[in-house]
Amino acid sequence: MEAIIVTTAGGLAMLGGIILLGELPGGSYSLTELVQAGADGTLLEGARASVGTGYVATAVVLVLLGALSKSAIFPFHFWLPAAMAAPTPTSAYLHAAAMVKAGVYLVARMAPGFADQTVWMWVILPAGLFTMIISGYRELRQNDTKLILAYGTVSQLGFMMVLVGYGTAEMALAGLAVLTAHALFKSCLFLCVGIVDMSTGTRDLRELSGVGRRRPFLAVAAGIAVLSMAGIPPF
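Scope of this entry: the structure provided in the associated data block. Everything numeric here is computed off the predicted structure, so don't read it as measured data.

Next up on the list: the nonpolar core. With 53 residues, the main nonpolar core has L21, L68, W79, L80, V107 and W120 as its most contacted residues. Excluding anything up to four places from it in sequence, L68 contacts I73, F74, F76, V123, I124, A127 and M161.

Structure follows, in C-alpha cells:
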C-alpha cells in the first residue's frame, strides 16, 4: 500500500506537469517534440510570451516529482525497502530491473531538453546525491540480505539519476551503462537471496554460515554478480 500510494501520488503530479508542458505554446505531448522544443528554446519563448518562465519551471518540477517517486529517490526513498515484503522473484524483476528504472528512463529522455534549467539541476543533483549517500549508509546497518540489496538498489538509483540527469552525452552513456549492468547483477543477486531463503529458512546474515560450501554453483553465480556490482575487472 505504501508503494502504491507514493508512486501513484507522484504519477498524478507528473501527469499535471505533462499537461502543463503539453498545453504551452510550442509545447507537445510527444516526448521527442517536447525535448526538442526545450533544447532549441521554443518552449521557453512560448512561455515567456504567454504565461511566464515560472510556468515551465513548475511543470518541470511536477514531472520530476513523478520520476523521483517512481525511482525511490529522496524524499521518496523509503518505499522501496518496505516493498521487499513481496516475493523475491517480484523484487528481482520489478524492484531491481524494471519498475524502479521508469523514473531514471524519463529523466534520461528529458535531460537533453531541460538539463540547462536551474530548477532541473537543483532538484536532480541534490536528491540523487543524498539518496546515494544515505541509502549506502543505511545498507551497512542491515542484517537481512534482501534489505541489504534493497538499500543498495536505492543508492545506485540515486547514482544513476545524477548521471542521466546531468545533461551531457558522456554522462548519459555512463548512466545507461550503469542502468543495464545494475538490472543484470541485482536481479541475479535477488534470486540468489531467494534461493538461500528457501533452502535455509532465513535471510539473516547473523544466522547464515557455510551456504557457499553447500551450494557452490549458487556461490559462483552470486560471486560473479557481486564482482559486477563492485565494478571489478572484467566487469
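Once the structure has been displayed, the description carries forward.
On to the pattern of salt bridges. Overall, the coordinates contain 3 salt bridges when judged by the stated rule. The salt bridge involving D197 is made with R203; its shortest N-O contact spans 3.2 Å. Of the charged contacts, one joins R206 and D204 as a salt bridge, the two residues approaching to 2.9 Å between their closest N and O atoms. Classification of R206 by relative accessible area gives exposed; the value is 63%.

Right, let's get into unusual backbone geometry. Note the cis peptide between F74 and P75, where omega equals 10 degrees. Residue position: P75 is located in the loop between α4 (53-70) and α5 (79-82). For the peptide bond that leads from P233 to P234, omega is 10 degrees, which places it in the cis range. Checked against the element boundaries, P234 lands in the segment after α12 (216-230). The backbone phi angle of A72 is positive, close to 55 degrees, even though this residue is not glycine. Turning to its location among the elements, A72 is positioned in the loop between α4 and α5. Judged by relative accessible area, A72 falls into the buried class, the value being 0%.

Here L62 is to be found in helix α4. Judged by its relative accessible area of 24%, L62 is partly exposed. In sequence terms L62 and T202 are 140 residues apart; their C-alpha atoms lie 41 Å from each other. Excluding residues within four positions of it along the chain, L62 makes contact with A13, M14, G16, G17 and L20.

What counts and what doesn't
- Residues numbered from 1 in each chain as written.
- Predicted model: local features only at pLDDT ≥ 70, side-chain atom pairs only at ≥ 80, totals over all residues.
- Heavy atoms only, no water.
- Core = buried A, V, L, I, M, F, W, Y, C linked by side-chain atoms within 4.5 Å.
- Buried < 20%, exposed > 50% of the residue type's maximum accessible area, 1.4 Å probe, protein only.
- Contact = heavy atoms within 4.5 Å.
- Salt bridge = Lys/Arg side-chain N within 4 Å of Asp/Glu carboxyl O.
- Helix = DSSP H or I, 4+ residues; strand = E, 2+ residues; numbered from the N terminus.

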